[in-house]
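Here is what each chain is made of, one letter per residue.
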Amino acid sequence: MISTQQSGSGSSQSPRSPSTQPFLSVSITDPIKLGNNVQAYIFYHVITKTNLPEYQGQEKIVIRCYNDFVCLRDRLFEKYKGIFVSPRSSKKECWREVHFSAEFIKMRRQALDIFVNKIASHHELQQSEDLRTLLQVDEETMEKARPLEEIMNILTFIAILK
Amino acid sequence: MNYLIGAFKPSCNISITFADGKSRKQVPIKKENGQTVMVPLFQSQENISGKISIEPLQGKKVEHNGVKIELLGQIEMYFDRGNFYDFTSLVRELDVPGEIYERKTYPFEFSTVEMPYETYNGVNVRLRYVLKVTISRGYGGSIVEYQDFVVRNYTPPPEINTSIKMEVGIEDCLHIEFEYNKSKYHLKDVIIGKIYFLLVRIKIKNMDLEIRRRESTGSGANTHVETETLAKFELMDGAPVRGESIPIRLFLSPYELTPTHRNINNKFSVKYYLNLVLVDEEDRRYFKQQEITVYRLPETS
């Protein structure tokens, strides 16, 4: 899903040509299960395609979990008062088996994809540092950025774009 | 030697000596100017005593509004350079206002000094202890002399020291069980453990164990973290198979570790992590970080 964006907000610049219009698009793909039998988490591959200068290159792939997006949503809600941020999709408290069922994972993946692209296509939220952190920082840094209550004992990895 | 830069020549020599200077252990520290000097080593609750000698130069007399010595424990944040936070401050008045014409010596003593934090020299923060002598003068500006000393505190071996044993993996791809013999290690300890491969469906080319130090300063939204990899030790070269066990034997003494510091005076923390890293044929890195506690064992002399 590619989203094009009008430049600026009410500025009187001449319109940019389509190739230099800022764009930021994200794909949530390939769920993967990390952890062990007792403590397991579903992570997704998050592929970002962009021409924004603040981002590290045109394409980057990272792995993130559902809760990372929940934290992003909460931070944006705090920092961008006055802008309607997509509501949190309910964090369902249900049996563990459901959490790891293919359907549940697929549903979450789709919800995250819609959510993050709504943020990415909003002219102001697009600039947010929290969004950039989520989409760009390497997994080691991300591990440390997660709240202490969420220390996950996982073997994680740094994905590479092919 | 105290120096006054510019036209003014120093009017006196101040020397600070410790009572047990000859017998006390000295350790090297690096000064601001890059020079390494030897300074005495103390631990918390010790007495710090000695003498101050003030000697006027070139026959001049030194008029002053009082002489005092302070023992300061300071934390300095590098982004706030020059701004010292004193967590400990003790003072002894040595002399009332007067004049010094010839060499005068003052004894000083600080008894059973509480120095709960160790000397620490880090990337973004340092903690130091210093004796500061001040000859107060109005118009001429006070004359100040410093003497650093180092504080190290010791912990007895922990009564409980459980091993760290965990299974982690990536479903259908790689499952390992890692084990480290302890969760708390002293500075000259050795990490003994193993990595057991339960499932290997990727082609691994090597595995390393890193020791990383994380220094965090500030708090809340203003937390700044510096991570340094202090050691990188190759555990395995080549592709392991399911059922294979790789031993770990890593001596800590060659590395510049310090004890774990947790929330020192609410200003900084220093923590250590073992980072197990596996690299596959496509250069993808898989890792598992595990915190360990490092402590300083009393030295057996």
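Numbers given to residues run from 1 along each chain, matching the order in which its sequence is written. Numbering of ligands from 1 and lettering of chains from A proceed in the order in which they are written. Under the rules for a predicted model, residues below a pLDDT of 70 receive no local features and side-chain atom pairs below 80 are neither given nor counted, while totals for whole chains, interfaces and linings still include all residues. As a rule here, side-chain values cover all heavy atoms of the structure and leave hydrogens and water aside.

Named according to an unreviewed UniProt entry, chain B is Vacuolar protein sorting-associated protein 26A originating from Vitis vinifera. UniProt positions are given in the numbering used here, feature names are shortened, and annotations may be inferred rather than shown by experiment. Turning to chain B, the UniProt record has this under Sequence similarities (unreviewed entry): "Belongs to the VPS26 family."

As recorded by an unreviewed UniProt entry, chain A carries the name PX domain-containing protein and is attributed to Vitis vinifera.

1. Details of the nonpolar core
Grouped together as the largest cluster of nonpolar side chains are 84 residues, with contacts concentrated most on Ile48, Ile52, Leu131, Phe149, Tyr180, Ile195 and Phe197 of chain B. Put simply, a nonpolar core is a bunch of buried Ala, Val, Leu, Ile, Met, Phe, Trp, Tyr and Cys residues held in one set by side-chain atoms that sit within 4.5 Å of each other. Per-residue accessibility, obtained with a 1.4 Å probe over protein chains only, is compared with the maximum for each type, and a residue is labelled buried under 20%, exposed over 50%, and partly exposed between these values. The next biggest cluster of nonpolar side chains, apart from the first, holds 28 residues, and it includes Val26, Val62, Tyr80 and Ile105 of chain A.

2. Comments concerning the packing of helix α1 (residues 66–79) of chain A against helix α4 (residues 129–136) of chain A
Residue and element names in this part refer to chain A. Helix axes are fitted to C-alpha atoms over the stretch in contact, other axes to C-alpha atoms as well, and angles between N-to-C directions run from 0 to 180 degrees. In DSSP terms, a helix is any run of H or I states spanning at least four residues, a strand is any run of E spanning at least two, and both are numbered starting from the N terminus. Relative to each other, α1 and α4 sit at 165°, their axes nearing to 9 Å. If you check the angle between α1 and α4, you find them roughly antiparallel. Note on packing geometry: the crossing formed by α1 with α4 is right-handed. Touching Asp68, Phe69, Leu72, Arg75 and Lys79 of α1 are Asp130, Leu131 and Leu134, all from α4. Gly falls in the polar group here, along with every residue not listed as nonpolar (Ala, Val, Leu, Ile, Met, Phe, Trp, Tyr, Cys, Pro) or charged (Asp, Glu, Lys, Arg). Residue composition of the contact of α1 with α4, grouped by class: 4 nonpolar, no polar and 4 charged. Under this scheme an angle from 65 to 115 degrees is roughly perpendicular, one under 35 degrees roughly parallel, and one over 145 degrees roughly antiparallel; angles in between are oblique. In this scheme the handedness of a crossing depends on how the near helix is turned from the far one: anticlockwise by less than a right angle means left-handed, clockwise means right-handed. Contact between two residues is taken to exist if any of their heavy atoms lie within 4.5 Å; hydrogens are not considered.

3. Regarding empty space enclosed by the protein
Residues and elements named next belong to chain A. In the cavity and pocket records, a cavity denotes points on a 1 Å grid over the protein atoms alone where a 1.4 Å probe fits but cannot get out, a pocket denotes an open set with protein on both sides within 12 Å along at least 5 of 7 lines, and lining residues are residues with an atom within 4 Å of a point. Grid points are joined across faces, edges and corners, and a volume is the space filled by probe spheres set on the points. Evaluation of the coordinates by the stated rule reveals 1 cavity of 30 Å³ or more. Considered as a void within the structure, the largest cavity measures approximately 30 Å³ in volume. What lines the largest cavity is Phe43, Ile63, Arg64, Glu139, Met142, Glu143, Arg146, Ile154 and Thr156. Put simply, the parts of the chain that give the lining of the largest cavity at least two residues each are β3 (59–65) and α5 (139–145). With 3 residues, the single largest contributor to the lining of the largest cavity is α5.

4. Quick notes on the side chain of Thr50 of chain A
Residue and element names in this part refer to chain A. By secondary structure assignment, the location of Thr50 is in strand β2 (residues 40–50). You can call Thr50 buried: its relative accessible area is 3%. Whenever a nitrogen or oxygen atom comes within 3.5 Å of another N or O atom, the pair is scored as a polar contact, on the condition that within protein one atom can donate a hydrogen and the other can accept it, and that pairs from neighbouring residues in sequence are kept only if both atoms are in side chains. Among the polar contacts made by the side chain of Thr50, one reaches the main-chain amide nitrogen of Leu52 at a distance of 2.9 Å. Beyond its immediate chain neighbours, meaning those up to four positions away, Thr50 contacts Phe23, Leu24, Tyr55, Gly57 and Gln58.

5. Structural notes on the sheet that holds strand β13 (residues 164–170) of chain B
For two strands to be treated as a pair, DSSP must find at least two bridges joining them. Read from one edge to the other, the open sheet built from 7 strands follows the order β3(A)-β2(A)-β1(A)-β13(B)-β14(B)-β16(B)-β19(B), with strand pairing classed as antiparallel. Single-partner strands in this sheet number two, and they are β3 of chain A together with β19 (245–251) of chain B. For this sheet, the mean angle separating the axes of adjacent strands, direction not counted, is 25°. Pairing geometry for strand β1 (residues 24–35) of chain A and β2 of chain A, over 10 bridges, is antiparallel. In the sheet register, Ile32 of chain A faces β2 of chain A, and the bridge partner there is Phe43 of chain A. The strands that α1 of chain A touches are β1, β2 and β3 of chain A; relative to β3 of chain A, the one it contacts most, it runs at about 100°. Sitting on the sheet, helix α3 (residues 102–120) of chain A touches β1 and β2 of chain A, and the angle it makes with β1 of chain A is about 145°.

6. Considering the environment of Ile191 of chain B
Residues and elements named next belong to chain B. Its place among the elements puts Ile191 in strand β16 (residues 190–200). Classification of Ile191 by relative accessible area gives buried; the value is 0%. Residues Ile191 and Ile248, 57 residues apart in the sequence, show an inter-C-alpha distance of 7.0 Å. Setting aside anything within four residues of it in sequence, one finds Ile191 in contact with Tyr180, Asn181, Tyr185, Ile248, Arg249, Leu250, Leu252 and Leu274.

7. Description of the packing of aromatic side chains
All names here are of chain B. Within 6.5 Å between ring centres, the rings of Phe, Tyr and Trp (the latter by its six-membered ring) count as paired, and their orientation is classed by plane angle as stacked under 30 degrees, edge-to-face over 60, tilted in between. Applying the stated criterion to the full structure yields 9 aromatic pairs over all chains. Ring geometry for Phe87 against Tyr117: centres 5.0 Å apart, planes inclined by 70°, an arrangement best described as edge-to-face. In this pair, Phe87 is assigned in strand β7 (residues 84–95) and Tyr117 in the loop between β9 (104–110) and β10 (120–121), connecting sequence segments 30 residues apart. You'll find Phe87 and Tyr117 in the same group, each marked buried.

8. Focus on the environment of Ile54 of chain B
All names here are of chain B. Relative to the assigned elements, Ile54 resides in strand β4 (residues 48–56). Sequence separation of Ile54 and Ser15 is 39 residues, and the distance between their C-alpha atoms is 6.7 Å. Setting aside its immediate chain neighbours within four residues, Ile54 contacts Cys12, Asn13, Val67, Ile100, Glu102, Arg103, Lys104, Tyr106 and Ile135.

9. Looking at α1 of chain A
A turn of α-helix holds 3.6 residues, and therefore any two residues three or four places apart point the same way. Residue and element names in this part refer to chain A. Helix span is expected to be 1.5 Å times the residue number reduced by one. A rise of 1.5 Å per residue sets the reference length of α1, with its 14 residues, at 20 Å; its end C-alpha atoms lie 20 Å apart and thus fit the reference within 8%. Within the span of α1, buried status applies to Tyr66, Asn67, Asp68, Phe69, Val70, Cys71, Leu72, Arg73 and Leu76. On its buried face, α1 sits against β1, β2, β3, α3, α4 and α5.

10. Overview of the interface of chain A and chain B
Taken together, the 18 residues of chain A in the interface contact 22 residues of chain B. Once two parts are joined, some of their accessible surface, as seen by a 1.4 Å probe, is lost; buried area is that loss totalled over both. In total, about 1,800 Å² of surface goes out of reach between chain A and chain B, with carbon and sulfur atoms giving 54% of it. For the chain A face of the interface with chain B, the top three residues by lost area are Glu140, Lys144 and Leu155 of chain A, together amounting to 36%. Salt bridges are identified by distance alone: a Lys or Arg side-chain nitrogen within 4 Å of an Asp or Glu carboxyl oxygen. Our count for the contact surface shared by chain A and chain B stands at 3 salt bridges. Arg212 of chain B is the partner of Glu140 of chain A in a salt bridge, and the nearest nitrogen-oxygen pair spans 2.6 Å.

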